Structure formats: structure tokens, C-alpha cells
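Descriptive structure summary
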Amino acid sequence: MIRVLFNKKGGVGKSSLTVNLAAISAAQGLRTLVLDLDTQCNTTSYLSALTLSEEDSIAALFEQTITFHLRKRPIIEYCQPTQYDNLFIIRGSERIKEMESELDSRHKIYKLRDALKSIEQDFDRIYIDTPPALNFYTLSALIAADTCLIPIDCDDFARQGLYSLQQQIQEISEDHNQALTIEGIIANQYMANANLPKQIIQELVDEGLPVVTEYIPQSVKMRESHQLKAPLIHMAAKHKLTQALLACYQQLER
Ligand SMILES: Nc1ncnc2c1ncn2[C@@H]1O[C@H](COP(=O)(O)OP(=O)(O)OP(=O)(O)O)[C@@H](O)[C@H]1O
Ligand SMILES: [Mg+2]
């Protein structure tokens, strides 16, 4: 099962949710792989994986589709263990930026899907973090995925942005990946005492959008977790933020 975290808006929690949902998945005993498609490499950094070799990065994996190699390394060789049981990562790399136009012009858009298909039996769950843009890599991920999770930050523009995202995902589904669905819209940095977030979420629910009803609260623990490079399930299992992430995870897995 492959889930892509996607929203063209920046800073909504894609990387935070990728790492924390994947860490919960692994902690529950599922073999879980994280893929970092963002040149910012926040997910890679969060999982202390910037020390992994560039040769095992997502850039090297894509690079071998446009350069000649006597032996192409299968994707499984790029999946590196993290310090947590059952949790693996293909680290991100800034170098994918410079390859993007060549990959695009040489129509390598299905390469990620084919590669991930070949490790279907090796991982129970795959979580893909994407940059805040619908670029070649995001499109590759949406073509490879079973479902898409959309974190939102519950502000005024969330609704507007969602319409265009929905349309784009539908188009990708029609053109490239019929199985693709929006599995859940995840309200992140939710402030329970404020009226606007409540109103925005209610409007989305009323319109029939698949809003995950377990909201993720705003909490300084998230920043601490990034700083300490420790997913919340390992850093503060009992905290309300962690409990909300767990509840969100469980709703998705139901
Ligand atoms: N629930 C939360 N409570 C408090 N802070 C949060 C929460 N979720 C995310 N943040 C903070 O908001 C910032 C943006 O989060 P994150 O990097 O996960 O977003 P993103 O969508 O991946 O951003 P980008 O589009 O730049 O990749 C980070 O500093 C993170 O610590
Ligand atoms: Mg990010």
C-alpha cells in the first residue's frame, strides 16, 4: 500500500505527517518505507538519514534511468534501515533538481511506479513525502500511489486550494492511475478553541470530502520532535499530539 502526502501549499505538515505516520506504522510491526522526494530533505533530516550515502539516494535511483549502467541497481538496494525497527528510507537529495527537466523530456514518469511495484512484497506500507509543487517527482509519486493524503492547515485558503488539488488528482487518475484516490484530508495544526478552523472543516465535510475526523493539534512538541530527530511515537508516546497522530493513523488503517 503506497500513500503520498501531497499539498501544493508549503508548510502544511506533509513531512511531519509522513515521518510520524510511518514511524507509527513501523512501531505497529508493519515493514514501512519512507521515500523523500523533496529537495529540502526535511523527512530525511528528521529520520537522521542525511548521513546516508548520496549513492543510495533518490537522485541516484532516478539518475540510472537516464545514464548508461552495465548493471542497474534494483530499488531494494536503495532502501536503507533507520534507527527504528521496521522503518526504512530512501533518502532525499538536492541533486534531483538538476535532473528534473531531462527526466521529464525523456518521459521517465512511470519509472518510480515500476520500481515501487517491484518491492510490493518487501514492504507493507510505503509513505512518500513530496515538495509543495506539482512537479515531475510529485506526479511520479501520484502515478505510483494507491492513495493520497492531503494535510491542510485549516486557514481561509485551504478550501480554495483543495478544489484545484481535487481537480488535478482527478485528472492524474483519469490519465495515468485509475486506482488513485484521495484517502483523507488531514486537518493539521488544528486549534480547537478557534472558530474559523471548525467552520472550514465543517464546510469540507458538508461537501462530502473525506476529512479524517481525528484532527492534529498545534503543539510545540512537533518542533521539538523535529529538533531531536525523534518521531513522536518514540519521543512522547503519551502526549496529546502523539495520541492524535495515532488516532489519525488508526482511522486510516480501519
Ligand atoms: N501539528 C503541528 N503543531 C505545531 N507545529 C507543526 C505541526 N505540524 C507541523 N508543524 C511545524 O510546521 C512547520 C512545517 O511543517 P512541515 O515541514 O511538516 O510542512 P511541509 O508541508 O512538509 O512543508 P514544505 O511544503 O515546506 O515541505 C515545521 O516547522 C513543523 O515543525
Ligand atoms: Mg516538507
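Residues numbered from 1 in each chain as written. Chains lettered and ligands numbered in written order. Predicted model: local features only at pLDDT ≥ 70, side-chain atom pairs only at ≥ 80, totals over all residues. Heavy atoms only, no water.

Soluble globular proteins tend to pack their nonpolar side chains together in the buried interior. Of all hydrophobic cores here, the largest spans 53 residues; its most connected members are Leu33, Leu35, Leu37, Phe62, Leu116 and Ile128. Core analysis: the second largest hydrophobic core is formed by 32 residues, Leu5, Tyr84, Leu241 and Tyr249 among them. (Core = buried A, V, L, I, M, F, W, Y, C linked by side-chain atoms within 4.5 Å. Buried < 20%, exposed > 50% of the residue type's maximum accessible area, 1.4 Å probe, protein only.)

With that settled, the discussion passes to the packing of helix 1 (residues 14-27) against helix 11 (residues 240-253). The description of two packed helices rests on the angle between their axes and on the distance between the axes. Packing of helix 1 against helix 11 leaves a shortest axis separation of 10 Å and a crossing angle of 70 degrees. The angle between helix 1 and helix 11 falls in the class roughly perpendicular. Residues Leu17, Asn20, Leu21, Ile24 and Ser25 of helix 1 form the contact with helix 11, whose participating residues are Leu245, Leu246, Cys248, Tyr249 and Leu252. A breakdown of the residues in the contact of helix 1 with helix 11 according to their chemical character gives 8 nonpolar, 2 polar and no charged. (Axes fitted to C-alpha atoms, helices over the stretch in contact; angles between N-to-C directions. Helix = DSSP H or I, 4+ residues; strand = E, 2+ residues; numbered from the N terminus. Parallel < 35°, antiparallel > 145°, perpendicular 65-115°, else oblique. Contact = heavy atoms within 4.5 Å. Nonpolar A, V, L, I, M, F, W, Y, C, P; charged D, E, K, R; others polar.)

Okay, the UniProt feature "domain: AAA" (unreviewed entry) in the protein chain next. Under the UniProt annotation, the feature "domain: AAA" (unreviewed entry) is placed at residues 4-182. With 39% helix and 15% strand, residues 4-182 has end C-alpha atoms that lie 10 Å from one another. (UniProt positions renumbered as here; feature names shortened; annotations may be inferred.)

Along the chain, Arg3 turns up in strand 1 (residues 2-5). Taking the relative accessible area as the measure of exposure, Arg3 reaches 1% and is therefore buried. Between the alpha carbons of Arg3 and Arg125 there is a distance of 7.7 Å; along the sequence they are 122 residues apart. In this view, Arg3 contacts Arg125, Ile126, Tyr127, Ile128, Thr147, Leu149, Glu183, Leu252 and Glu253; residues no more than four positions away in its chain are not counted.

This part covers the packing of aromatic side chains. The final tally for this structure, using the stated rule, is 5 aromatic pairs. Ring geometry for Phe88 against Phe123: centres 5.5 Å apart, planes inclined by 65 degrees, an arrangement best described as edge-to-face. Of the two residues, Phe88 sits in strand 4 (residues 87-90) while Phe123 sits in the loop between helix 5 (111-117) and strand 5 (125-129), which places them 35 residues apart along the sequence. Of note, Arg73 hangs over the ring of Tyr78, and the distance from its end group to the ring centre comes to 4.3 Å. (Phe/Tyr/Trp six-rings, centres within 6.5 Å; stacked < 30°, edge-to-face > 60°. Lys NZ or Arg CZ within 6 Å of the ring centre and 35° of its normal.)

The next thing to look at is the state of the cysteines. Within the structure shown, the criterion is met by 0 disulfides. Left without a disulfide partner, Cys79 is nearest to the cysteine sulfur of Cys41, which lies 16 Å away. Overall, Cys79 belongs to the buried group, its relative accessible area being 9%. Note on Cys154: no disulfide assigned, nearest cysteine sulfur contributed by Cys248 at a separation of 12 Å. (Disulfide = S-S within 2.5 Å.)

Taken together, 19 residues lie near ligand 1, and Gly11, Lys14, Ser15, Ser16 and Pro217 sit nearest. The backbone of Ser219 places a nitrogen or oxygen atom 3.0 Å from a nitrogen atom of ligand 1. For ligand 1, the protein covers 88% of the area, taking 630 Å² as the surface of the free molecule. Listed by contribution, the elements that provide at least two residues to the shell around ligand 1 are helix 1 and helix 9 (220-228). (Near = heavy atom within 4 Å. Polar contact = N/O pair within 3.5 Å; in protein donor to acceptor, adjacent residues only side chain to side chain. Areas by Shrake-Rupley, 256 points an atom, 1.4 Å probe, with all protein chains shown as cover.)

Tallied over the full model, the rule gives 15 salt bridges. Sharing partners across several salt bridges, the network here consists of Arg3, Arg125, Glu183 and Glu253. (Salt bridge = Lys/Arg side-chain N within 4 Å of Asp/Glu carboxyl O.)

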